[in-house]
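Report on the structure
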Amino acid sequence: MRFIFKTSYEQDIRLAKHGGHLFWYGLLAVGLVLAPWLLPEYWLAQLTFVLIYAIAGLGLMLLAGFTGQFSLGHAAFLGVGAYTQAILTNAGWPFPLAMVCAALLAAAVGVVVGLPALRVKGIYLGIATLAFGFIVEEVLARWESLTGGNAGLMAGPPALFGWTIDSSAGFYAICLVTVVLATLGTLNLLRTPTGRAFIAIRDSEISAQSMGIHLARYKTLAFALSAALAGLAGALYAHKLQFLSPDQFNILQSIDLLLLVVIGGLGSVHGAFLGAIFLIAMPQLISLGKDYLPEAIGQAPGLQAVVYGAVLIAFVLFEPMGLYGRWLKVRTWLQLFPFYRQGMFKRQKSFQKSDRLK
Amino acid sequence: MQFVQLVISGVALGCIYGLIALGFVLIYKATETVNFAQGELMMLGAFCGLAGSTLLGFPFWVSVLGTLAAMAVIGVLTERLVIRPILGQPAFSIVMLTIGIGYVARGAITMIPGIGTETHTLPVPYKDEVLKLGELVLSAEQLVVIGVTAVLCALLYALFRFSKLGIAMQATSQNQLAAYYMGIPVKRLNGLVWGLAAVVAAIAGLLLAPITFVYANMGFIGLKAFPAAVVGGFGSLPGAIVGGLVIGVVESLSGFYLPEGFKDTAAYIVVLVMLMVKPNGLFGEKLRKKV
């Protein structure tokens, strides 16, 4: 067992709480850096997708998991980022500059979406973001002079002053650097006053407000940052797929992102990564399992939807903190062995709370 | 004349939106749960009707009644098995749960070999009949949609106004704890509300089936019923129907008078404007959170 005796605020906000963190995250970092040499091409591509989705997941996690505002239209930000990146790099901009622009433009769009969030909350906000997602998808499909409409838009590999990165290992490196920066940025944000304000808003808007937190400003900021991260992920997504069409950014993509944060574990940075791994690994696992199922079930087109839905239901019912919550339980079990008690993580039974008459 | 024609077809479409929105509102009022699977319940209802009248070969009316009964059972079971265990958890997890239910329902229908991936037409006795009133051409499907919606609204009004059950449901939706103290079986009522919402969804599905087709993804129309529920005010039953009519008429008119592309987004533009101008909707109760 490990006891951490905190003696200063410096120690409290340190990112690595103890030597174990340094060791394991160091090992993970080494593994990720060496991945292009260790993994075959196909798995490297999957890992790249995991990293891209993890960035988008971080964005949605910041909004849904830490600020408590939930968005059903996050694919729109992904789409704005992806199209900006594709259009700018096609026009010959160096890719890092285009990525910054993609993130900024997505953030600007996020501010616009955040405006209704100042007046509405809960389910109304969900519907506002849903509506917004549909409108963006339609704009992407109809603004043919810019986006190519439903015929789609080609995006080249990332290029910088005539130097093109077209190997998958090179692109993986770009994604890895972006992910590391995004993660460190998010972790750092969460220990600043801004991040603390987000969490306060999530836990109770009224008490946050009475502590002097400017709700409107922080909610808009949360939307902007979340959208910027999603835009960044979209930019990488454009290079990865090299072909964009509006239906890649529809409601199903938004729900996939929500699935990612819920299954990963709401309110944890780890959750974004675990959820991304789940989202990418699940279709693979399903196609592996298909061969063992009877023909009628294994080959049916709806299998994936059923499995996704069932997994989602199971997580909400039995493990509301997601994969990260499960890991916390396992870790506590190991740390306390043999003293782990049943019910240490038991959810409190509560009366149904009403938003209307509280 | 063309304007009237467009309005009537918009009203017919709006009735469908309104009926789906009615399901949202029923469940929301009673259990504070937003059911994202309402569209999928509608889809299941349409498939039940299809199975009854084509596979099993029942007469139309028998299969309609069978569908309603089957959907009521499905609604009650859904509430009992997955919704009740997590009541009291944050709204977000319940929303995700209902999205999961929607996925499962859609996937399960798609998995039925030979039926799930096809589009079907539901044979109804009033198919392809038209009524000519002067220059107006009214199709029987649209008139049936409007008529059935009106009758259903009257029935629901009577239920909530005069029957003991309906009054108990109202009490539950206003304050669960107080209703429980008064001896109202809140849990059982919540189950019944889900059953009722599933029946309303099934009626919407059966009415929509002759106008469009029956296919696994028809539940996505439920996403357009959200704007309807919001425009009417999420907690108001008449509001849901009025909101549905507004959305339907706006969609029908914008499909004709505005450039292409506005038809599909009109509902969402209306709802965004509504949320900015009047977030509580047309008939919504104005409530604020007190500490």
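**A short note on the overall build of chain A**
- The helix and strand tally for chain A stands at 16 helices and four strands.
- Against the compact-globule benchmark of 21 Å for 358 residues, chain A has a radius of gyration of 21 Å, which places it among compact chains.
- Structurally, chain A occupies a C-alpha span of about 60 × 50 × 50 Å along its principal axes.
- By residue count, 43% of the 358 residues in chain A fall in the buried class.

**Thoughts on the overall build of chain B**
- Secondary structure summary: chain B contains eleven helices and two strands in total.
- In terms of C-alpha radius of gyration, chain B reaches 19 Å, essentially the compact-globule figure of 19 Å for 291 residues.
- Dimensions of chain B, computed from C-alpha atoms along their principal axes, come out at roughly 60 × 50 × 35 Å.
- When burial is assessed residue by residue, chain B has 52% of its 291 residues classed as buried.
- By sequence separation, contacts in chain B at least 24 residues apart represent 74% of the contacts at least 6 residues apart.

**Quick look at the environment of Pro283(A)**
- Position of Pro283(A) relative to the elements: it lies in helix H13 (residues 269-290).
- By the C-beta count within 10 Å, which is 13 here, Pro283(A) ends up partly exposed.

**Quick look at helix H4 (residues 74-90) of chain A**
All names here are of chain A.
- Between its first and last C-alpha, H4 extends 25 Å over 17 residues, near the 24 Å set by a 1.5 Å rise per residue.
- When you tally the buried positions in H4, you get 16 out of 17 residues, the bulk of the element.
- At the exit of H4 stands Gly-92, carrying a positive phi of roughly 95°.

**Here's the deal with the interface of chain B and chain A**
- In this assembly, 50 residues from chain B lie in contact with 46 residues from chain A.
- Of the residues forming the side of chain B that touches chain A, the biggest block, 17 residues, is contributed by helix H4 (residues 91-111) of chain B.

**Points about the pairing of strand E2 (residues 136-139) of chain B**
All names here are of chain B.
- Looking at chain direction, strand E1 (residues 130-133) and E2 are connected through four bridges and run antiparallel. Each residue of the ladder has a partner; that of Val-130, found in E2, is Ser-139.
- Two successive antiparallel strands, E1 and E2, enclose a turn made up of two residues, where Gly-134 displays a positive phi of approximately 60°.

**Notes on the packing of H4(A) against helix H11 (residues 215-241) of chain A**
Residues and elements named next belong to chain A.
- Between H4 and H11, whose axes approach to 6 Å, the crossing angle comes to 50°. Between H4 and H11, the interaxial angle falls into the category oblique. The hand of the H4/H11 crossing is right-handed. In contact with His-74, Phe-77, Leu-78, Gly-79, Val-80, Gly-81, Ala-82, Gln-85 and Ala-86 of H4, H11 contributes Ala-227, Ala-230, Gly-231, Leu-232, Ala-233, Gly-234, Ala-235, Tyr-237 and Ala-238.
- Taken together, the residues of the contact of H4 with H11 sort by class into twelve nonpolar, six polar and no charged.

**Some words on the environment of Pro90(B)**
Residue and element names in this part refer to chain B.
- Within the fold, Pro-90 resides in the loop between helix H3 (60-83) and H4.
- With 15 C-beta atoms packed within 10 Å, Pro-90 lands in the partly exposed category.
- Each C-alpha atom of the pair Pro-90 and Gly-14 lies 31 Å from the other, and the pair is 76 residues apart in sequence.

**Here we look at H3(B)**
- The first and last C-alpha atoms of H3(B) sit 33 Å apart over 24 residues, in line with the 34 Å expected at 1.5 Å per residue.
- Packed against the buried residues of H3(B) are helix H2 (38-55), H4 and helix H8 (186-211) of chain B.

**Considerations on unusual backbone geometry**
Residue and element names in this part refer to chain A.
- Residue Pro-338 is bonded to the preceding Phe-337 through a cis peptide linkage, with omega at 0°.
- Unlike most non-glycine residues, Gln-242 shows phi in positive territory, near 60°.
- Structurally, Gln-242 is set in the loop between H11 and strand E4 (243-244).
- C-beta crowding within 10 Å serves as the criterion here: with 12 such atoms nearby, Gln-242 is assigned to the exposed category.

**What about the environment of Phe226(B)?**
- Topologically, Phe226(B) is positioned in helix H9 (residues 222-232).
- Here Phe226(B) falls in the buried class, since 30 other C-beta atoms lie within 10 Å of it.
- Residues Phe226(B) and Val34(B), 192 residues apart in the sequence, show an inter-C-alpha distance of 9.9 Å.
- Residues contacting Phe226(B), with those up to four places away along its chain left out, are Ile127(A) and Leu130(A).

**What to know about the packing of H2(B) against H3(B)**
Residues and elements named next belong to chain B.
- The interhelical angle for the contact between H2 and H3, taken along N-to-C directions, is 140°, at an axis separation of 8 Å. Classified by the interaxial angle, the pair formed by H2 and H3 is oblique. Where H2 crosses over H3, the two elements pack in a sense that is right-handed. For the pair H2 and H3, contact is made by Leu-41, Leu-44, Gly-45, Cys-48, Gly-49, Gly-52 and Ser-53 and by Phe-60, Ser-63, Val-64, Gly-66, Thr-67, Ala-70, Met-71 and Ile-74, respectively.
- A per-class count over the contact of H2 with H3 returns eight nonpolar, seven polar and no charged.

**Observations regarding the confidence of the model for chain B**
Residue and element names in this part refer to chain B.
- When pLDDT is averaged across chain B, the result is 85; 98% of the residues are at 70 or more.
- Of all the helices and strands in chain B, E1 carries the lowest mean pLDDT, 76, while H3 carries the highest, 91.
- Scored by ipTM, the complex comes to 0.85, with pTM at 0.88.

The rules behind each value
Residues numbered from 1 in each chain as written. Chains lettered and ligands numbered in written order. Predicted model: local features only at pLDDT ≥ 70, side-chain atom pairs only at ≥ 80, totals over all residues. Helix = DSSP H or I, 4+ residues; strand = E, 2+ residues; numbered from the N terminus. Rg over C-alpha atoms; globule rule 2.2 N^0.38 Å. Buried ≥ 20, exposed ≤ 12 C-beta atoms within 10 Å, placed from the backbone. Contact = placed C-beta atoms within 7 Å. Expected span 1.5 Å × (residues − 1). Pairing = 2+ DSSP bridges. Axes fitted to C-alpha atoms, helices over the stretch in contact; angles between N-to-C directions. Parallel < 35°, antiparallel > 145°, perpendicular 65-115°, else oblique. Left-handed = near helix turned anticlockwise from the far one by under 90°. Nonpolar A, V, L, I, M, F, W, Y, C, P; charged D, E, K, R; others polar. pLDDT = per-residue confidence, 0-100.

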